[in-house]
Amino acid sequence: MLGVWWALAAGALLCLPGAPGLNNGLALSPPMGWLHWERFMCETDCEKNPSSCISEQLFMQMADMMVSNGWLKAGYKYLCIDDCWLATERDDNNRLQADPTRFPGGIKKLADYVHARGLLLGIYQDVGKQTCAGYPGSLGFYELDAQTFADWGVDLLKFDGCNYESLEQLEDGYRRMSIALNHTGRHILYSCEWPLYARHLSKVNYTEVAEYCNSWRNFDDIQDSWTSLKYVIDFTAAFQDQLVPAAGPGAWNDPDMLVIGNFGLSWAQEVTQMALWSIMAAPLLMSNDLRNINPRSQALLQNQEVIAINQDSLGAQGYRVLKANSFELWEKPLAGGSLAVSVTNRQEIGGAREFLLSRSDLWKGLACKEKCYLTQLLPTRYEYGSFNASFCLPLSVNPSSTVLVRVD
Ligand code: GAL
């Protein structure tokens, strides 16, 4: 794997558009997969809750589901463990170890199980003394822990930022773990929470974060609610001048997990999350119960045309274009001069309202000059057909829902 310094030099020489990103060859499009935290949190009582406790059985069952129910085929390939997998102590050689009763086979066996099914395994650790849930953190052991993960066959590390002592220590820890992962020679995607913790302390240098991390969280943990979703969307829009330029192949802003298929969102709101996460070029990491998910949510999460917008090879993060009359218009430039456009109705009273989608509000780089072909992808697919260069299209948008349109 390439060293970080080589990567920086190469990025500068090649004059890549946007940020070059951590040049480890990973996450050239936003990572896709499943992460346990939002849905399963830190349930460790397997006697009382055998089917939802954090255990190797849970991950093996999710791995099976990912393969048998079309998730892997749809692009979701990282199966990720979050906090609460660790034993309360390191072993006699200071190596990390999984909780022996909940992960009797250890992480290596789980990684083998996951790899045998064509999936990749993600794991969680923390830059400080302890993880957020109080398990042993990586402070003082960055190199050893990186090597342990590589030895086990881990493919992604989510590195949290709880329990650090100073901003210097936090930032130094994030840099050192990045370098340590590279030094193992194994390709391990590095998912950080550096800006989320550092932003309380200083102005975040996103250029630097993108040089060390493949993705990074900026904002508080998502929850299974419309309120939480709106906070994340509004935060992203409020800071888009800083966030959008930092994103690109190999380096992504992470607005946190997809909570589609759980309890808190209506259908309209699930559509909004899927549309906006695609526009934002967000990692698509679901946190739900794949053993029990309703078919409509599953189809939404597996919608190939929507996923294609998220995974588009240009790697541009979309942004909010305008906010007026309780509507929000976002757009995401796509490869070849195409464009994805979303319109969200943020009025939470009444019925559907009409928004006039006008060419003049949209990206000047659109390739279509005489004939633009418009296809609605969400909430349902509809081909509007060809329009001339000065189109003005009325869209009907339900409260808290989003209409996602592709312009080619
Ligand atoms: C939080 C983190 C969450 C989850 C949790 C685990 O700080 O943002 O995504 O990982 O810790 O304790």
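Before any of the text, the structure's been laid out above.
Throughout what follows, the structure given in this document is the object of discussion. Every chain begins its residue count from 1, and numbering advances along the sequence as written. This being a predicted model, a pLDDT of at least 70 is required before a residue's local features are given, and a value of 80 or more before pairs of side-chain atoms are given or counted; all residues contribute to the totals for chains, interfaces and linings. To get the side-chain values, take all heavy atoms of the structure and skip hydrogens and water.

By convention, a stacked pair of Phe, Tyr or Trp rings (six-membered ring in the case of Trp) has centres within 6.5 Å and planes under 30 degrees apart, an edge-to-face pair has planes over 60 apart, and any other such pair is tilted. For the coordinates displayed, the defined rule picks out 19 aromatic pairs. Between Tyr-142 and Phe-159, the ring centres sit 6.1 Å apart and the planes meet at 75 degrees, which makes this aromatic pair edge-to-face. Taken together, the residues Tyr-142 in helix α6 (residues 142-152) and Phe-159 in strand β4 (residues 156-160) connect sequence positions 17 residues apart. The two residues Tyr-142 and Phe-159 agree in class, both being buried. Between Phe-159 and Tyr-174, the ring centres sit 5.5 Å apart and the planes meet at 85 degrees, which makes this aromatic pair edge-to-face. Note that Phe-159 is positioned in strand β4 and Tyr-174 in helix α7 (residues 167-184), a separation of 15 residues in sequence. Connected via pairs of aromatic rings, a cluster forms that spans Tyr-142, Phe-159, Tyr-174, Tyr-190, Trp-194 and Tyr-212. For a Lys NZ or an Arg CZ to count as sitting over a ring, it must be within 6 Å of the ring centre and within 35 degrees of the ring normal. Geometry around Tyr-113 places Arg-117 over its ring, the cationic atom sitting 3.5 Å from the centre. The helix count covers DSSP runs of H or I at least four residues long, the strand count covers runs of E at least two residues long, and both are numbered beginning at the N terminus. The buried label goes to any residue with under 20% of its type's maximum accessible area, the exposed label to any with over 50%, and the partly exposed label to all in between, with areas taken from a 1.4 Å probe on protein chains only.

A separate point is the layout of surface pockets. Computed from the structure, the second largest pocket encloses a volume of approximately 210 Å³. The way it works is a 1 Å grid over only the protein atoms, where trapped points that fit a 1.4 Å probe form a cavity and open points with protein on both sides within 12 Å along at least five of seven lines form a pocket, and then any residue with an atom within 4 Å of a point lines it. Lining the second largest pocket are 15 residues, with Ala-27, Pro-31, Lys-77, Tyr-78 and Leu-120 positioned closest to its centre. Class assignment of the residues belonging to the lining of the second largest pocket gives a composition of 9 nonpolar, 4 polar and 2 charged. Grid points are joined across faces, edges and corners, and a volume is the space filled by probe spheres set on the points. Each residue is assigned to one of three groups, with Ala, Val, Leu, Ile, Met, Phe, Trp, Tyr, Cys and Pro labelled nonpolar, Asp, Glu, Lys and Arg labelled charged, and all others, Gly among them, labelled polar.

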